[in-house]
Amino acid sequence: MWVCGLFVGLLLMAPAHSFGNSSIKLIRAEMKRPWNNEVVVEPIRGVYLEDLAGKIGSNLRQISNQEMGVTVMQEIYDALQFGPTSRDDTNKVVEMAERLQMKVRRYMAVLNRSKATIEEMFWRHTSKLSSTSFPCCTPEPDAGAGQGSRSFSCLIGGSADQLGLVDHGSNLTDVFSANIKSHPTIKSQFFVSSADLKGRSFTRVLDQSAPCVQDTRHRDVFFDTIEAHSKKVLILIDHGNSLSQNQLSLAKILSKRIISTLAPTDQVGVMALADGITLPSNLKCLSSSLPLAIQHVKTLFSRFVDSLEKSKTSTNHSLGFQSALQTIRKVANVEDTVLLVYISRGLLSSLEEAKVVFETIANNAQIMPSKVVLSTAALVDDGKPLMIEKQFMQDLAAQNYHNYNLTAPRRVIPGLLQIVNSSTSISLAVSQLFNSMKDSVKHEPSFSLPTWDGQGLVVSITQPCLHLNEVVGVVGLDLQLSDLVEDVTYFNGYGSSYAFIITKNGLVLMHPSLPRPSFAFDQPLVVDIDNFETIPDFQVVRRKMLSHKNGSFTVILRKNSRNYDKEQVHYCWRQLDEAPYILVIASHDKGKPLRTLQRVAIPSSRPSLVYHRLDLLPTPPKVNICRHQRQLATLDSGSIFLSAACFQSPFEYLIHEDIPMQLAKSYMDFLFNKQGANPGLKSSVKNDVGALMQIIDHWKNEMQESTVGKYIVRSFAATPSGVFQMYPGSGLDHDYDPTRRPWYIRALKFPGKVVLSTPYLDVGGAGYIVTLSHTVYEGQSAALHSPSDTVAAVLGLDVTVGFVYKLLIQAAPFCQEPGVKCLLIDDEGYVLAHPSLIDGRGIRQHLTHKEPLVANDMLNHQGLASKVLCSSFADQTLQRYFRFNTSLSTVLTNLVHGEQCAKYQIAAVPGTNVFVVVVNATCDVVTTFCPCSVTDRLCLNCNRMEQTDCECPCECPLEIDYCTGELANKDEHIPSCPPVLEALKPAQHSAIVPEESTLEPCFPRDCEYINAYSDCLGVVGCEWCVLDSDEETPLRSPFCTFQEKCFNGILGSRTPYSNTILGGQLSEASSKYKTTPIGPVAGGFIGIILTVGMAIYCYKMASQRQHIHAYMSSVPETAVRMSTLDNEVDDEDSPSQTDTNAQQQQQQILLEELPSAISPYRVSTNYRRPPGGDSDHGYSTMTPHDDSEHTPCAEPLLLAKPVRTSSNSSSPVTTELPMNQFLAPVTVHMVDTL
């Protein structure tokens, strides 16, 4: 017995791979106690899943070490010299603050110059402004319609004569034009004039990206600039049965105009009055507080106003004033002055009611702590004079208590009466209502919060313009947020430190959790910094930042007797003198010394690297050019790409996308020539290039000699400084940032592991691919590393989706048996390998979608998967997604008894972020499912999240407490999500090569000579064709062919790389490297045929256009473009305008008030996050269970950058403007430029 016991003990201690007999493995499993009381698993076809996971992990590790070159790269870094360096965050933050300070001073000088010019013009021309403006929707002399100009200004809302403009001497157009020439980074300039002594409405001079535009963005900026104090405004709007539909429409327009005019620092409330008081349904706190007028509050109130309908009951005026004054009493302090605006027809139920109303006001005002300015807006239908109603509204505004034998209360101050009888009078009414506050003028410049202007995020810097101590207007600059925060956006702390910038009241302008401003696609949610920094005691740090001009503070997270185990976060900050900003550097110190790469020797011959812009190579090039899928490429060398982070001024680099050949040459001369001058690169770039280039030869050998080379698309590497290199050498998009790609971010999340991304569409033409990535640590002399070491670089390897599945079925042949499905998932549950991913039925899906039975049961295992939350401030959503435990040390199987037609086993693949799952399904119909919305990404129940409830990854609106302006769930300390995935774009200059190109392929393909499925699977450029063109009928004889003939396994399927989508023209770069041309005779013959064919084609197209035009013009929906819903009608009616036209304008303006107002939660039923990374937290899984994830319209190649229709779009319909305006465009801007 003792001998038998010893024998069994030896078996248990022996390594698993030393035994080949499955019965011996069974002894091992039976002797092992189940993990966490789980069910003991059985072998599958004699193979234990734990061993299968180990085999897959070993294969991935081998590919990582060999083909990717992790061990080679680590040896290179271990051989390099790293020296100690002292972290001086204090000097660094001072340096960054000074750079931003200098930038602000330059812009302020421009602004002051414009201000002085405008004030001088008013001295010379009294109330007239000098400008060479023309109507905005009329093309300039040197530009087409809708195009901006650097030498002309344009006019919105009328002619120069109507606005009192003169055209002689120095004018504002010349000044704006000179400003933009000296400071081309200014996006736009504008001047908004206030009402003059004659009561004329606003006039706006604006330099904008496109002149044919109805701009309403600067209304709130105007009042925020001229008023020294923030306002508190309460709007009481009448919707009783006495109002006509026209009067109710006017009331809505006026209310929304007042709301949109308020600045974010103002406070606002809205009450609706009939026989009772109505408040916004989700803002019950309005009876006791007034929320800040942030964009989302404006949206909420505007929608509430739009929802009001004419009541069937009469208006109780007394109740309205009683409720309004009670609210003011609760929200206002002694020193406050609150503006109460009553919008009503003023119809009384009896002659005695007026006195009752005044008594109600007097009684409530006696206990009022603050002052109240009571102004009224009387709604009047043209041609229907109502003297009694008008007199009542006049008495309210003038506080004529003596007319009713009452004593006037001291706390209620007389306001103004505004008669509103058409939409043309509304802008003036708003101006006069605010003028009744009699606020002092602010003389210092104002800085707005970031605003979406239809193309990007801008910050407006403004100054008031004065004439004889009266405000004549506001002059301002619109600056790109990308420009102001470039040093923070591209701050390089090598993973241990980061930077952010906040306002002096704690609101975040830029943080690493936010996307780059140039990739923003909507109005952002500006929140406090304590929503991003969730470490304990951060409130103490925040108070010190806001109260001390500069300083530092350390928060200790973990303390240990051993110094290197101590973990702390050190904050260092500096407030700017001339702007309301605070720059902060946060360093996460884990007790290890900071080291940097010392000088790296770089060979001057640079044989292994070329600049990624292959189209800029000299002719003839020094390297051979070939076609790698649909990219210009070279096999002679790798290519180097210097992202924006590599430059001392990233913004300057990004705005100059068209790099001349000489500038590209200067980059390479600086890197490889000791005598080369620095063209603006950071000092660390040269060493990073010298380190990375040493692996190029290894990649070249592996891709051409390795047995798995035919499955590899490319190899690449990136450093924290933004240096990126790849092989084969090819091009990238100008604004590509490797450090913000999922393969890079997730490699940092799992240091030392092989990390796989979810499948996504390769922009280079290789179809759907998976990226393998791995970290490389800074050098150690002993070559001993741990996951806590500083990461010096991240390596990556793009392989086909088919190759990943091939690795799986080669390790487990039983995966191809009927009823058995094997799949790989990542640490968030997204499917990496699955039979449906390689048979043309979809890509990028989640486990809850593909295997709902398995997902339902998995959630019952403790320690396997958990549902987690994160706050996404970029799109104002609360994300729900899964997190799987990559430290799982055992195999798990079905736990819940019941429907067991799908038996499964799951195990973590060691050394990776991957799990292997084997499912044995015996049922054809699955009755269990995980709820997923089939129309949008909204969670089916946002009020409940249970760990054991299976649901697809989804999102809920990020709820805001509008009364406080803070997040509703702030106390839960929900972490912020990673930045929203940036859409990948093909390089505009040289990346994409059409299929008809005669350029020789880098790797000749023999797809049609491959006969076996196993040989075709995963080969780059080849597809195993299984479905007919209807995407449903299986082919009788599947075959291997070229990808473009059978994309995604579907015969004749149109690829996302089709010429009609990408432009179809052979790029200039690729045309330089054509093979031997056709002979002159054949060429001439073909030319004749093409000429005749083109003539026939043009004739047909001309005929078709006529038919298309006739058809489009007859469709009702095309009579008014959607962009017109974001505009407003003219302030001045034309003399011949009829009442009917006026009513149509008023109805239209109800939909136009807030062009930039964004809902707190926006749902687009056809929206999918751009595929291109490893996880989007379920954005692309919100579809029915029909394997329909592949939607060509959502591919990154088609999307380029996320684009939203600008609210300032031109419109063929005459619409009302809030002010008489004219534009002074000085720059031309498109979506992907400035």
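Everything here concerns the structure above.
Anyway, here's the lowdown on the structure attached to this text. Because the structure is a prediction, the values reported are computed rather than measured.

Basis of the calculations
Residues numbered from 1 in each chain as written. Predicted model: local features only at pLDDT ≥ 70, side-chain atom pairs only at ≥ 80, totals over all residues. Heavy atoms only, no water. Helix = DSSP H or I, 4+ residues; strand = E, 2+ residues; numbered from the N terminus. Buried < 20%, exposed > 50% of the residue type's maximum accessible area, 1.4 Å probe, protein only. Contact = heavy atoms within 4.5 Å. Areas by Shrake-Rupley, 256 points an atom, 1.4 Å probe, with all protein chains shown as cover. Polar contact = N/O pair within 3.5 Å; in protein donor to acceptor, adjacent residues only side chain to side chain. Salt bridge = Lys/Arg side-chain N within 4 Å of Asp/Glu carboxyl O. Disulfide = S-S within 2.5 Å. Pairing = 2+ DSSP bridges. Phe/Tyr/Trp six-rings, centres within 6.5 Å; stacked < 30°, edge-to-face > 60°. Lys NZ or Arg CZ within 6 Å of the ring centre and 35° of its normal. Expected span 1.5 Å × (residues − 1). Axes fitted to C-alpha atoms, helices over the stretch in contact; angles between N-to-C directions. Parallel < 35°, antiparallel > 145°, perpendicular 65-115°, else oblique. Nonpolar A, V, L, I, M, F, W, Y, C, P; charged D, E, K, R; others polar. Left-handed = near helix turned anticlockwise from the far one by under 90°. Core = buried A, V, L, I, M, F, W, Y, C linked by side-chain atoms within 4.5 Å.

A few words now on the overall build of the chain. From N to C terminus, the chain includes 30 helices and 47 strands. Residues classed as buried in the chain amount to 58% of the 1234 residues present. Excluding contacts between residues fewer than 6 apart, the proportion of contacts in the chain whose partners are at least 24 apart in sequence is 73%. When the accessible surface of the chain is split by element, carbon and sulfur atoms take 54% of a total near 50800 Å².

Now for the side chain of D798. As for its position among the elements, D798 is in strand β34 (residues 791-800). Only 2.8 Å separates the side chain of D798 from the side chain of R714, close enough to count as a polar contact. Within the structure, the side chain of D798 is placed 2.6 Å from the side chain of T771, a separation counted as a polar contact. When near neighbours in sequence (up to four residues on either side) are disregarded, D798 contacts Y711, I712, V713, R714, F716, Y760, I769, V770 and T771.

Let us look at the pattern of salt bridges. Throughout the structure, instances matching the rule amount to 33 salt bridges. In this structure, R516 and E982 form a salt bridge, with 2.7 Å as the shortest nitrogen-oxygen distance. Highlighted residues: R516 in the loop between β19 (508-510) and α16 (538-547) and E982 in the loop between β44 (966-967) and α25 (1013-1016), separated in sequence by 466 residues. Taking the relative accessible area as the measure of exposure, E982 reaches 6% and is therefore buried. The structure contains a network of salt bridges with shared partners spanning R99, K103, D483, E486 and D487.

This model, assessed by the stated rule, comprises nine disulfides. C930 shares a disulfide with C950; S-S distance 1.8 Å. Taking the sign of the torsion about the S-S bond as the criterion, the disulfide between C930 and C950, at about 80°, is right-handed. Residue C930 is found in the loop between β41 (914-921) and β42 (954-957), and its partner C950 is found in the loop between β41 and β42; the two are separated by 20 residues along the sequence. For C950, a relative accessible area of 7% gives the class buried. Paired through a disulfide, C1025 and C1046 show a sulfur-sulfur distance of 1.9 Å. Every disulfide takes its handedness from the sign of the S-S torsion; for C1025 and C1046 that torsion is 90°, giving right-handed. Taken together, the residues C1025 in strand β45 (residues 1022-1027) and C1046 in the loop between β46 (1034-1042) and α26 (1059-1062) connect sequence positions 21 residues apart. The pair formed by C1025 and C1046 is uniform in burial state, with each residue classed as buried.

So, about the pairing of strand β28 (residues 712-718). When you tally the buried positions in β28, you get seven out of seven residues, the bulk of the element. Here β28 runs beside β34; their pairing, made up of six bridges, is antiparallel. By the bridge assignment for β34, F716 is matched with G796. Where β28 meets strand β29 (residues 723-727), four bridges bridge the pair, whose relative direction is antiparallel. Its bridge partner being in β29, A717 is matched across the sheet by Q725. The antiparallel hairpin formed by β28 and β29 contains four residues in its connecting segment, where G722 sits at a positive phi of about 100°.

Tallied over the full model, the rule gives 23 aromatic pairs. Between F647 and Y653, the aromatic rings sit 4.4 Å apart at their centres with planes inclined by 15°, giving stacked as the arrangement. The burial state of F647 is the same as that of Y653; both residues are buried. Ring pairs connect the aromatic residues F641, F716, F724, Y736, W743 and Y744, which therefore count as one cluster. For K231, the ring lying beneath its charged end belongs to F434, and the centroid distance is 5.1 Å. Seen from the ring of F670, K686 lies directly overhead, with NZ or CZ sitting 4.8 Å from the centre.

We now examine the environment of L234. With respect to the helices and strands, the residue L234 is situated in strand β8 (residues 232-238). Sequence separation between L234 and L325 is 91 residues, and the spatial gap between their C-alpha atoms is 9.5 Å. Non-local contacts of L234, meaning those with residues more than four positions away in its chain, are made with G269, V270, M271, L290, A324, I328, L339, L340 and V341.

In a regular helix each residue adds 1.5 Å, so 17 residues correspond to 24 Å; helix α8 (residues 245-261) covers 24 Å between its end C-alpha atoms and thus fits that length. The element α8 is extensively covered by neighbouring structure, given that 16 of its 17 residues are classed as buried.

This paragraph deals with the pairing of strand β37 (residues 865-872). With six of eight residues buried, β37 is to be regarded as a mostly interior element. Relative to strand β38 (residues 877-884), β37 runs antiparallel, the two sharing eight bridges. Each residue of the ladder has a partner; that of C870, found in β38, is Q879. Here β37 folds back onto β38, and the loop between the two strands holds four residues, one of which, Q876, carries a positive phi near 55°.

A separate point is the sheet that holds strand β11 (residues 337-344). Strands sit in the order β10-β9-β8-β11-β12-β13 across an open sheet of six strands; the sheet is mixed. Strands with a single pairing partner mark the edges of an open sheet, and in this sheet they are β10 (277-278) and β13 (412-420). Two elements, β8 and strand β9 (residues 267-273), share seven bridges in a ladder whose sense is parallel. If you follow L236 over to β9, its bridge partner there is M271. Here α8 sits on the sheet and contacts β8, β9, β11, β12 (371-379) and β13; the angle it forms with β8, its principal contact strand, is near 170°.

The subject of this paragraph is the side chain of D336. By the secondary structure assignment, D336 is in the loop between α10 (317-331) and β11. Among the residues examined, D336 registers a relative accessible area of 15% and is labelled buried. Within the structure, the side chain of D336 is placed 2.7 Å from the side chain of K232, a separation counted as a polar contact. Leave out the neighbours within four places in its chain, and D336 touches K232, V331, S370 and K371.

Direction vectors running N to C along helix α7 (residues 219-226) and α8 enclose 55°, while the axes themselves pass 7 Å from each other. One way to sum up the angle between α7 and α8 is to call them oblique. Here α7 contributes R219, D220 and F223 to the contact with α8, which in turn contributes R257, S260 and T261. Classifying every residue of the contact of α7 with α8 gives one nonpolar, two polar and three charged.

It is the contact of α8 with helix α13 (residues 426-435), at a shortest axis distance of 10 Å, that shows an interaxial angle of 55°. Taken together, the axis directions place α8 and α13 in an arrangement best described as oblique. As for how α8 packs across α13, the hand of that crossing is right-handed. From α8, L250, I253, L254, R257, I258 and T261 reach across to α13, where they touch I426, S427, A429, V430, L433 and F434. Of the residues contributing to the contact of α8 with α13, the split by class is nine nonpolar, two polar and one charged.

Attention now goes to the nonpolar core. Y77, L642, L772, F884, I906 and V916 are the most contacted members of the largest nonpolar core, which has 151 residues in total. In terms of residue count, helix α22 (residues 801-811) provides more of this core than any other element does, eight residues in total. The residues touching F884, leaving out its near neighbours within four places in the chain, are I825, D826, D827, E828, G829, L847, M858, L864, A865, I906 and F915. L111, I259, M510 and V527 belong to the second largest nonpolar core, which has 149 residues in total.

Across its 13 residues, helix α9 (residues 295-307) extends 18 Å between first and last C-alpha, which sits within 8% of the 18 Å expected from 1.5 Å per residue. Most of α9 sits out of view: 10 of its 13 residues are buried. For α9, the secondary structure elements touched by its buried residues are α7, β8, α8, β9, β10 and β43 (960-961).

Take it as geometry only, folks, not as evidence of what the structure does.
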